[in-house]
Amino acid sequence: MKKKNALLALGLALGMTVTLTACGSGGDGKTDGSNSGGNQAASTVANKDKPLVWFNRQPSNSSTGELDMTALSFNDNTYYVGFDAQQGAEVQGTMIKDYIEKNIDTIDRNGDGVIGYVLAIGDVGHNDSIARTRGVREALGTGVEKDGGVISEPIGTNVDGKAKSVKDGTLEVNGKSYKIRELASQEMKNNSGATWDAATAGNAIGTWASSFDEQIDVIASNNDGMGMSIFNSWSKDNKVPTFGYDANSDAVAAVAEGYGGTVSQHADVQAYLTLRVLRNALDGVDIDTGIGTADDAGNVLGEDTYVYNKDQRSYYALNVPVTAENYKDFTDSTKIYEPVSKQLDKEKSPEKKVWLNIYNSSDNFLGSTYQPLLEAYDDLLNLKVEYIAGDGQTESNITNRLGNPSEYDAFAINMVKTDNGASYTSLLN
Ligand code: BGC
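Source: prediction; values computed, not measured.

Close contacts around the ligand come from 13 residues, with N56, R132, N223, D246 and D363 the closest. In the environment of the ligand, an oxygen atom lies 2.7 Å from a nitrogen or oxygen atom belonging to the side chain of R57. Between the ligand and D246 there is a distance of 2.5 Å, counted from an oxygen atom to a side-chain nitrogen or oxygen. Summarising the domain contributions, the shell around the ligand has at least three residues from each of domain 1 (16-83 + 269-299 + 310-316 + 332-425) and domain 2 (104-240).

What follows is the structure, encoded as structure tokens:
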């Protein structure tokens with residue numbers, strides 16, 4: 001009881017200070033007549049000043065990839081949390097190339113001297129997806145440069161090797177030269193517009209296999225959701241390795257059954273960072289607390305797990321390859337990261353309310369790996385998080401459910417389309 005009163009007093013004191021500051025600085029005067037009846041402290045800070053974190057989909061132009069710095073610096077407590085897409089793309093590409101080299105004697109199923117692969121693309125306008133497509137093409141020598149970067153668009157089919165957006169690569173192994181060809185690639189988008197769509201990928205492999213079955217020696221997928229759909233519908237039975245991304249538990253388990261490999265984007269670190277930056281901003285402590293600098297409970301991240309880019313206001317987790325050699329260390333993708341697993345003190349970090357959305361309730365990575373991790377960390381960080389599941393198609397399906405932002409102390413946003421930061425920030429202004 002005593003504890004509760006002390007907290008209430010603290011909350012009121014904080015609320016008062018913030019109200020005064022907001023008035024003094026000519027704040028937007030949104031006093032929220034609709035009175036949520038919720039957390040006092042939440043309703044007295046102007047929504048535009050509340051901590052905001054973008055995660056998983058970085059505010060950026062979906063055609064050029066240019067970062068949307070307006071969204072990324074919406075207020076002083078705005079950040080992005082994701083992973084290092086370039087480094088991860090290299091990890092994925094190299095993992096596939098290494099596999100081909102190691103298995104060169106058996107990989108060419110029809111023995112025609114051409115190693116053929118097909119590629120499942122997640123979302124042509126998503127930085128992570130673009131990076132992964134480029135990483136595969138760069139490592140296998142099939143990329144074509146345009147305007148200083150490797151073309152990342154899908155090619156449709158290219159069985160004859162005549163496509164303009166990719167070229168045949170060459171691989172020298174044991175003094176012998178092999179051709180590598182991207183036989184086909186496609187954005188996996190369903191009829192309703194949902195991207196990274198696993199079911200679409202499962203159908204695509206059926207179509208590809210029926211037209212050029214024996215030519216397919218390897219499968220690359222921008223993520224495990226699509227990769228596992230391909231694996232289960234065709235590649236497992238035909239003993240053709242599929243390489244995905246995300247290290248979801250089901251994909252890691254499938255490595256024992258012939259799934260080629262995957263990449264851990266350190267979701268355990270990302271989920272922690274997503275909530276940790278909000279926690280730090282709400283507590284008014286240095287943003288590095290519990291990240292690069294140990295907090296009072298002893299939580300701290302190792303330097304080898306993330307990088308922070310101050311100009312981009314972005315935290316990027318680092319990626320690790322997961323293959324037949326080490327998959328046993330990654331079997332549970334929902335296990336929190338031990339160095340940041342200690343409970344925060346409720347006196348110093350009192351409970352706060354966070355509104356958080358997942359852009360698509362059927363996204364395999366976000367649903368089976370990221371959200372369970374967030375749910376584990378929210379307790380440790382004393383955050384009461386309301387999880388909103390989107391339909392993966394329209395921003396309004398999600399924004400409609402942020403009717404009263406004044407009820408919350410902070411926001412964590414996962415956009416449907418990376419261009420749409422303003423759809424959310426306009427609700428806070
Ligand atoms: C993940 C994908 C996921 C996408 C959603 C990516 O980082 O690798 O699996 O579908 O995020 O935005």
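Looking now at the nonpolar core. I100, I216 and Y377 are the most contacted members of the largest nonpolar core, which has 99 residues in total. No other element matches the 9 residues that helix α10 (residues 267-283) contributes to this core. In terms of domain composition, this core takes at least three residues from each of domain 1 (16-83 + 269-299 + 310-316 + 332-425) and domain 2 (104-240). If we ignore the near neighbours within four places in the chain, the residues touching Y377 are D268, A271, Y272, L275, I336, Y337 and V340. F231, Y259, V322 and Y327 belong to the second-largest nonpolar core, a separate cluster that totals 10 residues.

What follows is about the pairing of strand β15 (residues 352-358). Where burial is concerned, most of β15 is hidden: 6 out of the 7 residues are buried. Judged from the 7 bridges that link them, β15 and strand β16 (residues 383-389) form a sheet pairing that is parallel. Residue pairing in the sheet places K352 in a bridge with L383 of β16. Once the chain exits β15 it traverses helix α11 (residues 364-380) before rejoining the sheet at β16, and the crossover so formed is right-handed. With 3 bridges connecting them, β15 and strand β17 (residues 410-413) associate as parallel partners. Each residue of the ladder has a partner; that of V354, found in β17, is A410.

Before going further, it helps to examine the packing of helix α4 (residues 85-102) against helix α6 (residues 127-140). The relative placement of two packed helices is expressed as an angle between their axes plus a distance between the axes. Their axes nearest at 8 Å, the elements α4 and α6 cross at an angle of 35 degrees. Once α4 is placed against α6, the crossing between them reads as right-handed. Of the residues in α6, those in contact with A85, Q86, A89, Q92, G93, T94, I96, K97 and I100 of α4 are D128, A131, R132, G135, V136, A139 and L140. By residue class, the composition of the contact of α4 with α6 is 8 nonpolar, 5 polar and 3 charged.

Let's shift gears to the sheet that holds β16. Spatial strand order, β12-β13-β2-β1-β17-β15-β16: 7 strands in an open sheet with mixed pairing. Bordering the open sheet on either side are β12 (306-309) and β16, each of which pairs with just one other strand. Here the strands of the sheet are splayed against their neighbours by 20 degrees on average, with no regard to which way each runs. In this fold helix α13 (residues 421-428) packs onto β1 (52-55), β15 and β17, with an angle of close to 165 degrees to the strand it touches most, β1.

Where α10 meets α11, the closest approach of the two axes is 9 Å, and the angle between their N-to-C directions is 50 degrees. Taken as axis vectors, α10 and α11 run oblique relative to one another. As α10 runs across α11, the sense of the crossing is right-handed. Residues A267, D268, Q270, A271, Y272, T274 and L275 of α10 lie in contact with α11, whose contacting residues are F365, T369, Y370, L373, L374, Y377 and D378. Here the residues of the contact of α10 with α11 are counted per class, giving 9 nonpolar, 3 polar and 2 charged.

Parameters and conventions
Residues numbered from 1 in each chain as written. Predicted model: local features only at pLDDT ≥ 70, side-chain atom pairs only at ≥ 80, totals over all residues. Heavy atoms only, no water. Near = heavy atom within 4 Å. Polar contact = N/O pair within 3.5 Å; in protein donor to acceptor, adjacent residues only side chain to side chain. Domains from an automatic or database assignment. Core = buried A, V, L, I, M, F, W, Y, C linked by side-chain atoms within 4.5 Å. Buried < 20%, exposed > 50% of the residue type's maximum accessible area, 1.4 Å probe, protein only. Helix = DSSP H or I, 4+ residues; strand = E, 2+ residues; numbered from the N terminus. Contact = heavy atoms within 4.5 Å. Pairing = 2+ DSSP bridges. Right-handed = clockwise from strand over helix to strand, strands pointing away. Axes fitted to C-alpha atoms, helices over the stretch in contact; angles between N-to-C directions. Left-handed = near helix turned anticlockwise from the far one by under 90°. Nonpolar A, V, L, I, M, F, W, Y, C, P; charged D, E, K, R; others polar. Parallel < 35°, antiparallel > 145°, perpendicular 65-115°, else oblique.

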